[in-house]
Amino acid sequence: MSETPRQRTGGFPQTPGTAAANGRKAPINPPTPPSTTSSRVNRSSSLPLAPESAPRRNPSEPLIPLTLLDGPQQRFYAAATYALLWAYKLYDYSAVVRDDEISVWLFLKWVLIDFAFLFGLPELRIPWLELSQSTVLTVWAIQSFVNWLLMFNVGFPLQPWILGLAKVFYDREISVSEQSVKVSSILHNHSLIMGKQIINILPEGSAVLNFEQTPFCLGSGGRDVAKLPIQFNSTVPAEIELVRIDLQTDQEEIIKLSKKEVNKIARGIKELMTDSSPVVHTVDLPVKKTGIYRLKKVLDEYKLEVQRNTKDTYVVPCPQAKFRTLDASGRCIRDLSDLLVDVVGTPPLKIVYSRTVNGKDRSFHFQSLQPDDYSSPLLGSPSAPLVLAEEKDISWVKPRAVEVRLNETLGVSGQWQYAVDEVQDGFGNLQRYAEPGEDADFHPRPKHLVRNFEVKERPQARLKGCDLRNPLKVAKGKATELPISFTLPGRTPEDTSHTITWDFSPIDTLTNSGEHGDHVSIGSYTATNSHDKPSVSAPGLYTLKSISARSCDGEIQEPSSCLLLNPLEPSFSIRAEEIPDKCAGNSVGLRVDLDLTGTPPFSIHYEVVHRDRVRAETVYIEGLRHQFDLLPKEAGHHKYVFKQISDAIYKKQHLAGSDMVLEQDVKPAASAIIEHPTGVLSACLEEQVEVDILLLGDPPFSLEWEIVHDGKRKSEKVTGIDASRYKIKTAPFAKGGDHILALSSIQDKTGCRTYLNDELKISVRRQRPRAAFGMIENKRKVMAVQDAKIDLPLRLQGEAPWTIAYRNVDGSGGLLQKVARNGNDVITVTSKGVYEIIDVSDSQCPGTIDPQASNFEVDWFPRPEISIVSSEGISTAPSGFVKRDVCEGDIDGFEVGLQGSPPYHVEYEVRHKPLHGSGSMTRKEFDAALNRAAIAMDTSRAGEYTYQFFALADNLYNSDRNFRPLQVQQRVNAKPSAAFVKPGQSFKYCKQEQENEDKIPITLNGVAPFYVELEIKHHGATVPETYRIPSINSNSHGIQIPRQHLQLGIQHVRIREVRDAKGCQQRYDMHAPSVQVHLYDAPAIYPLESREDFCVGERIAYTLSGTPPFEVWYDFQGQQRKAKSQTTNFRRIAETPGEFTITSVSDKASECRASVNLTKTIHPLPAVKMSQGRVTRVDIHEGNEVEMLFEFWGTPPFEFTYTRSTNAKKGQKSVVLETRHDVSYEHSKVVRTSQEGTYEVVAIKDRFCSFSTQQVAERKDQKLLRG
């Protein structure tokens, strides 16, 4: 399934963690050519890796787990980070050198970066990079010293080398066209010297078939034609013959290309030779048959035989693979996959297949598949040289069929798929059926390459609720469900049908130990779902044997045996005896004894028949014996018929026979019963009570009873009662308390007196209910807020609930009713007046009213009021009051008067309507403890203000909806304002006044004319200077400060005061916004070189005087451009030719622009093309000549140098044989030569400039050449 692990070659040895991680991965080797098979086997490790125990993290392990990044990768990333930091550091150093300055900031920056990297590296605990603290400290100190050398621009011997290395990574400068250009692209402009002439003396030609030994196959995947490459070297073929050896018959076939095909090949070679003069040409020869091909004969156009390589080219049938076994619908878990794959091709074969389980894909491969006793040179076996020596033995090339068995344990349930991904033969021909990562849903594979099946879970079954200790008990002839619990592990499918089998032994065939005997039968049942269970009725032992579901056999779990029993049917026997009356000797009932058999508990249903009336009765019995009495209340003949009996197993078993019937004649003694459900009766004082008595026996009756109270008994008797009911009516009760009415005796027609013990308790109230008003603060009068709810306290006596009738004497006089639930309840009222209680009654008895506390008075507090206190400056108006006008920011206010119960809460709103724009409204409130309060008026913004008091509350009342608002109006005039249009802006002026100088713009708000006062504070001066503008007639103004008020340098100008025509003024504090005014001298620019002619690639440099940064305006190629310089040096590299003229210069500090006229002329570099700028190849025979054309661009005369070198060969360098120098006064020149070699120009020079491919790497700047 996998290859032998190989020792990793090259690099560092693996760390233990890396080796363990790599050992856990299953290697999937890519297809290898046959020639490397043996060498890879020789490098294989002789011993497998030992199994690694479960990794346990300890403090010495790397911070980044080795499973995420192994040791070599972590070391690589650390080294790469270190190299990037050095590259960035050299970039900063090049900027320091270019500007010729020192940088303390860069020094501190790199010291901190090196510290973070070097001291953070050991914390990562990377294997082999765990540096000690002393080592890190030493390296950091060395790098800090190097940082000092670099960032302080200290010269040292290696400085030119470091600068050269930095130029390799970053070599860009600003050109005269204000673009960042790469200097090396200008200096190393290969377009200046183009073209090369290669003269080759033709050697003897050759032809090679399949020079790269590419494998070919035919037969599948659209491979109907194989194109065999034939390489012709320095020859044009005229005749081509090949030999094909058939793989099946071993017969040789001569293939001779027709004259038409050969001419087509020759014509194509000649056309290519005309365009590019190539030496080697390749043509493809299509073939449609398998076999072994080799070149037999090739003749050139001179009919001479061309040298040829006799290596064989193998065209074999493409390898194929398919499943042999049919597609199975499903398998069970823990089964074997049992699949066969037939692989056909030239051994050794390799097959790659994928196994997908529930959507998770994993690939596997078999390699070196070959039949038994198979020998082939592709295997590197000991017999391979013998096979190669015998040329006619080609049996190893023929395709063979190999059987591959896939027999794996199916350990996971779900959807499984086996698919063949690719197959490869021994020559390396690859047949790929699916691309890596390809979705099988969009590109389904043929059926013979895929096998799909479902692996199903095995069912489980056991008995639930029944075992040998807890048998099933079922009535005879009745069936019950066998309690089988069916489960399927994992997700339950929709189809849960299953088949279960069991062993059954009748109850009388079981052994003494309760096991199955000799008579065992097998039962089975097919259930439609998991809740479907088999029904059984025969008593005996049932033992589950097997279960199967969805064609999978399952597992029987314990308990698996169940005992089914049929208990005895319930029955009983009756014994009865009469119960005699002690006075008359008559029977008054029966005492019945029952003896039962069956399974308790029992229930016996019987009927009582008396005077053609039938009454059903039931008796419940918990045991096997029971006794109960039948005592009828009425005299006469009574018949008892027992109808049904039920026990725990059998239900409603019918009874019959004379022994199930009892009869008796009963004459019970006389009796009397008080008909009252509770035995307690409540009564009021001076109230009669009536009590109903039920009489039993033969009339007429004589009844005696007595009433007991406070230890006194009063007996009463009545005779001659003919009815079965009698009503006792007591005398009115004059005293409260508990009175007992007890029945003493009764006598009926027989004359037998029966003593009675039934009695009734009569509770008589000791007092009548009473009602009165309670007091609030020791009086029956209350003052309250108007319309508030007031609870008038009640004092009630009696039993709840009470019903009270009352009225408001000052109101309409109608009666009101209140139901009180407790003795201290309240009456809630919302109107003022005098309230009077009229009547009261409790839950049972009427009551009385206390005349001294029957009235209660309710009254209201007065509401609060507000008014304006008159003063100077306040006048009345139709809408309220008007306060005189004030200026914005002035302090003003007024007072209000309050009446009511302090403290007061006043709410008012302030409406502001500005002179322009929409208005606003603010709600305010305040609390006042006195009858007068001061209101501060808002003057922070200009406009019309309206103060409206809309809510007033005091200690008693909240604001009233009917409150009449109070309104005060005032007009606030706006303060004038003055502000700079752009505060904080800097204005730059030159010492000499210039045209179109900027003015300091200000905006003013208010009523014109305005008076403005400015404060000018000079840099370094202690006392500011004041500049006044007396009259400004508009709302915007541009200030131009005279030069006598300014000094060289910086001065701050701010607005101190502004005043308008209404007399309102505004002063600004010291921190008000200001502007800066800079007074400068004009800058200047000077060239560093006095010459006026420059070449492309040279640098034009100037020096600037003034305050950096500078802006330089110049004309180049007729276009005005502007450049910036952050230092006093201005340098541009000449990218293209043209006139470079600096017209003016200004610095950023002053923006004073000085006009200049400095002109430099940039000349183009000379250019030369050889062979029209192309690399041409000319094949000549010995003694012929070739003309070489040189074309020049630039300013004549031209001097050029060219070389003749050896023609380049593979693995060898070209060597310069000679160098020649020549002069041309025209733009072209022709030179003739007959010597073999490669001719190319290495240097060119015109009147002004020169360019050389040999010296451009050594010099930094081009020098002007003067002719």
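Values in this document were obtained by computation on a predicted structure and should not be read as measured data.

Asker: How should I be thinking about the confidence of the model for the protein in this particular structure?
Answerer: Caution is warranted with low-pLDDT regions, since their predicted coordinates should not be read in detail. When pLDDT is averaged along the protein, the result is 82; 88% of the residues meet or exceed 70. Looking over the protein, one finds the lowest element-wise mean pLDDT in helix α2 (residues 37-42), namely 36, and the highest in strand β27 (residues 498-506), namely 93. Confidence over residues 381-390 falls short of pLDDT 50; this stretch has ten contacts with residues more than four positions distant or in other chains. A low-confidence stretch, residues 1256-1267 (pLDDT under 50), is modelled with 29 contacts involving residues beyond four sequence positions or located in other chains.

Asker: Honestly, the side chain of glutamate 239 in this entry has me stumped. Any pointers?
Answerer: Here glutamate 239 shows up in strand β8 (residues 237-245). Ignoring any residue separated from it by four or fewer positions in sequence, one finds glutamate 239 in contact with Lys256, Val262, Lys297, Val298 and Leu299.

Asker: Whenever I open this one, the side chain of glutamine 967 confuses me. Can you help?
Answerer: With respect to the helices, strands and loops of the structure, glutamine 967 is situated in strand β69 (residues 966-973). When residues no more than four places from it in sequence are discounted, the contact partners of glutamine 967 are Ser879, Gly880, Phe881, Thr946, Tyr947 and Gln948.

Asker: What's the story with the environment of aspartate 70 in this structure? I'm lost.
Answerer: For aspartate 70, the location among the structural elements is in the loop between α2 and α3 (71-99). Taking relative accessible area as the criterion, aspartate 70 reaches 18% and is therefore assigned buried. For the pair aspartate 70 and isoleucine 126, spaced 56 residues apart in sequence, the C-alpha separation works out to 9.3 Å. Among the polar contacts made by the side chain of aspartate 70, one reaches the main-chain amide nitrogen of glutamine 73 at a distance of 3.1 Å.

Asker: Which parts of the structure should I look at to understand the nonpolar core?
Answerer: Across soluble globular proteins, you tend to see nonpolar side chains buried next to one another. Phe1130, Phe1140, Ile1142 and Phe1190 are the most contacted members of the largest nonpolar core, which has 47 residues in total. In terms of nonpolar packing, the next biggest core, distinct from the first, is built from 25 residues, Ala321, Phe364, Val450 and Phe453 among them.

Asker: Would you mind going over the packing of aromatic side chains with me for this structure?
Answerer: Each aromatic ring pair is described using two quantities: the centre-to-centre distance and the angle formed by the ring planes. According to the stated counting rule, one finds 36 aromatic pairs in the structure shown. Each member of the aromatic cluster is reached from another via a ring pair, and the members are Phe894, Tyr908, Phe926, Tyr945, Tyr947 and Phe949. Over the face of the ring belonging to tryptophan 86 we find lysine 89, whose NZ or CZ atom lies 4.1 Å from the ring centre. We note arginine 331 situated over the ring of phenylalanine 453; from NZ or CZ to the ring centre the distance is 4.3 Å.

Asker: Would you mind showing me how to read the pattern of salt bridges here?
Answerer: It is possible for side chains of opposite charge to pair when their charged atoms get near one another. The full count for this structure, using the stated rule, is 53 salt bridges. Aspartate 246 is the salt-bridge partner of arginine 244, the closest N and O atoms lying 3.3 Å from each other. Taken as a pair, arginine 244 and aspartate 246 share a single burial class, namely buried. The salt bridge partner of glutamate 1218 is arginine 1204, with a shortest N-O separation of 2.9 Å. With glutamate 1218 in strand β91 (residues 1216-1224) and arginine 1204 in strand β90 (residues 1198-1205), this residue pair connects regions lying 14 residues apart in the sequence. Of the residues examined, arginine 1204 reaches a relative accessible area of 13% and is grouped as buried.

About the thresholds
Residues numbered from 1 in each chain as written. Predicted model: local features only at pLDDT ≥ 70, side-chain atom pairs only at ≥ 80, totals over all residues. Heavy atoms only, no water. pLDDT = per-residue confidence, 0-100. Helix = DSSP H or I, 4+ residues; strand = E, 2+ residues; numbered from the N terminus. Contact = heavy atoms within 4.5 Å. Buried < 20%, exposed > 50% of the residue type's maximum accessible area, 1.4 Å probe, protein only. Polar contact = N/O pair within 3.5 Å; in protein donor to acceptor, adjacent residues only side chain to side chain. Core = buried A, V, L, I, M, F, W, Y, C linked by side-chain atoms within 4.5 Å. Phe/Tyr/Trp six-rings, centres within 6.5 Å; stacked < 30°, edge-to-face > 60°. Lys NZ or Arg CZ within 6 Å of the ring centre and 35° of its normal. Salt bridge = Lys/Arg side-chain N within 4 Å of Asp/Glu carboxyl O.

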